[in-house]
Amino acid sequence: MRSTTLWRYLTLSPTLLLFLFLTVLPLASLFVLSVHEVEWRDRIAHWDWVGMANYAHLAKDTLFTAGILNTLIFAVVAVSFQMILGFWLALLTQRVTRGQLVYRTIFLLPILVPGIIIGAIWKLMYSFDFGVVNQLLLYLGMTPQDWLGDSSLALLSVIVVDVWHWTPFCFLLLLAGLQSLPEDIYEASRLDGATGWRELRYITLPLMLPSIIVTFLFRMILAFKVFDEVYLLTGGGPGTSTEVISFTIYRRFFTEDQAGYGAAMSVATFAVIAIAIAAVSRIMGNKDPEAGV
Amino acid sequence: MKARAIVSRHLILILYSFIVLFPFYWIISASFKTQIDLLMGRFFSTPHLQGYRDVLFSGTSDFSRNFFNSLLIGSVSTALVLVIATLGAYSLYRMRWPNWVLHSLLGWSVVFHMVPPITLAGAWYTLFRAVGLDDTWLGLILAHTTLNLPMALWMMGVFVRNVPSELVEAAQLDNARTPEILRYVIVPLVKPGLAAAGILSFIFSWNEFAVTLTLSQRSTATVPIGIGKYAQENTIAFTEMAAASALSILPAVILLLFAQRFIVRGLTSGALK
């Protein structure tokens, strides 16, 4: 029995060590960093204690608030479109008997491709001078737009890319949900004369609610992490119109050398997300910690 | 009536297939154009291989090195993720840890999985610099392993829990030790899970950008970093960017054609328990 105890620790220790040294320790170091200002003098880092000053500065930082606001708008608008479009496509695909696999193969492609390449492709397509989007507009007799350079259009353009990129993910999860619904309920409802909209409204939607919620949460989490596409498409600009939270943090840390302030932002983001998770799992009355993955 | 419904369904799905495929078609056709043809907006032009030649064989191009780095970091980190996650999942679900250990570990992995990786990138950068792991393969492998571990731990947990506990108990009655149980009972039964988690882990590592950007320099940069570089330069080399993009889509296409079963199972195992 003693060897079992030993193995119990041995099998879990790689996970524990990795989490400890590469997630817990860095978070702790971020916390320490966030109450300091780091300055490089003569190639040596000097840590000056500044207390809560970095946090106090957060509330007044328009880039940070713009970042949070833009991330929220981006996530809510993009994910809503993806859910509706994905659900519709899943319904259509499920009812198709021939070619289901072909459609699924094609639809899956975008989610397997690196975000940065999606960004590169769309950057070329959005190009003011030679992009295919403007060529199409010209062909239709409309005025070409500066999709990424116009501050009133830029966030929308990024959202369009995200909808194109991630609708297939919602499609796939919702299709799996649809395919797991019991067939006999539909047979019974058809015997009762339910068709089309009524079947969707009173049978499919209620039964699909758990899948819909899980898919929605999955996507929201990913949408909040958005970085790659924005980095390549707009770099947060023009102005602050596509400034998202990941990008603000990145800039503070790595291009503006404000490590202490960047750390305060990271800790604040971390805290907000932890609170959000706690709130969501309480609302859903689910004690299972995996429910939100 | 019924035939019309079927036709209209197919029409909508085919239209959406076009929307999905068009950007890929466009980037591939752009990669065969010359910079001038592309900038002039010529839709049809004689195909040129200059973009590919520049990307693959020019002395100033880092693409083949980036490709090698991506393959190395992707495969080593995936192997590590699978070993660590399988051991961890077995330990957590089959070796009677107290509930608080199980819940706090899984809870923590969920929180970690949800925060933008960039929040930790700054801390990793400081930490890795302190111990000399910045700009090394080992550092990037460790970072990618950590990023993909929550997903794999959770997926392997689903598969390990599906192994009937009678099988494990029977093996224990036969005096099998833990390594033997893992080797002869667990691993053979969770192979589909290993395939799903492994393929996803490799794809995520291949696609990872934010953390790699902060932890790598020229010699350790991966494919996405290389592509990001093209777009950042003052005069963008569009055809090279297009050719490099087209080449980096290849692994996704290959995996999609030959391992779609596992990708779908992996991605949907979260929605269906």
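Residues numbered from 1 in each chain as written. Chains lettered and ligands numbered in written order. Predicted model: local features only at pLDDT ≥ 70, side-chain atom pairs only at ≥ 80, totals over all residues. Heavy atoms only, no water.

1. What about the overall build of chain B?
Secondary structure summary: chain B contains 14 helices and zero strands in total. Reading the helices (α) and strands (β) of chain B from amino to carboxyl end gives α-α-α-α-α-α-α-α-α-α-α-α-α-α. Along the first, second and third principal axes, the C-alpha atoms of chain B reach 75 × 70 × 30 Å. The buried share of chain B, taken over its 273 residues, is 56%. Residue pairs in contact within chain B that sit at least 24 positions apart in sequence constitute 75% of those at least 6 positions apart. In chain B, 19 positive and 12 negative side-chain charges are present, and the distance between their average locations comes to 11 Å. (Helix = DSSP H or I, 4+ residues; strand = E, 2+ residues; numbered from the N terminus. Buried < 20%, exposed > 50% of the residue type's maximum accessible area, 1.4 Å probe, protein only. Contact = heavy atoms within 4.5 Å. Lys, Arg positive; Asp, Glu negative; His and termini not counted. Charge placed at Lys NZ, Arg CZ, Asp CG, Glu CD.)

2. A word on the interface of chain A and chain B
Interface size, as often reported, equals the accessible area lost upon joining of the parts. Listed per partner, the contact involves 87 residues of chain A and 99 residues of chain B. Each partner contributes to the roughly 8900 Å² buried at the junction of chain A and chain B, and carbon and sulfur atoms together form 80% of this total. Taken together, the links from chain A to chain B amount to zero salt bridges. Linking chain A with chain B are 13 residue pairs in polar contact (both at pLDDT 80 or more). Tallying contributions element by element places helix α1 (residues 2-34) of chain A first for the side of chain A that touches chain B, with 21 residues. By residue class, the composition of the side of chain A that touches chain B is 62 nonpolar, 16 polar and nine charged. (Buried area = accessible area lost by both parts, 1.4 Å probe. Salt bridge = Lys/Arg side-chain N within 4 Å of Asp/Glu carboxyl O. Polar contact = N/O pair within 3.5 Å; in protein donor to acceptor, adjacent residues only side chain to side chain. Nonpolar A, V, L, I, M, F, W, Y, C, P; charged D, E, K, R; others polar.)

3. Things to note about the environment of Val132(A)
If you trace the backbone, Val132(A) turns up in helix α6 (residues 132-139). Assessed through its relative accessible area of 10%, Val132(A) is described here as buried. Excluding its chain neighbours within four sequence positions, the residues that come into contact with Val132(A) are Met125(A), Phe22(B) and Trp26(B).

4. Structural notes on the domain arrangement of chain A
In terms of domain boundaries, chain A breaks down into domain 1 (1-25) and domain 2 (56-287). A C-alpha centroid distance of 36 Å is found between domain 1 of chain A and domain 2 of chain A. (Domains from an automatic or database assignment.)

5. Some words on empty space enclosed by the protein
By the definition in use, this model includes four cavities of 30 Å³ or more. Roughly 1000 Å³ of internal volume is contained in the largest cavity. Lining the largest cavity are 47 residues, with Trp166(A), Leu222(A), Lys225(A), His113(B) and Phe204(B) positioned closest to its centre. At six residues, the largest contribution of residues to the lining of the largest cavity is made by helix α7 (residues 137-161) of chain B. (1 Å grid on protein atoms, 1.4 Å probe; cavity = no way out; pocket = protein on both sides within 12 Å on 5 of 7 lines; lining within 4 Å. Points joined across faces, edges and corners; volume = space filled by probe spheres on them.)

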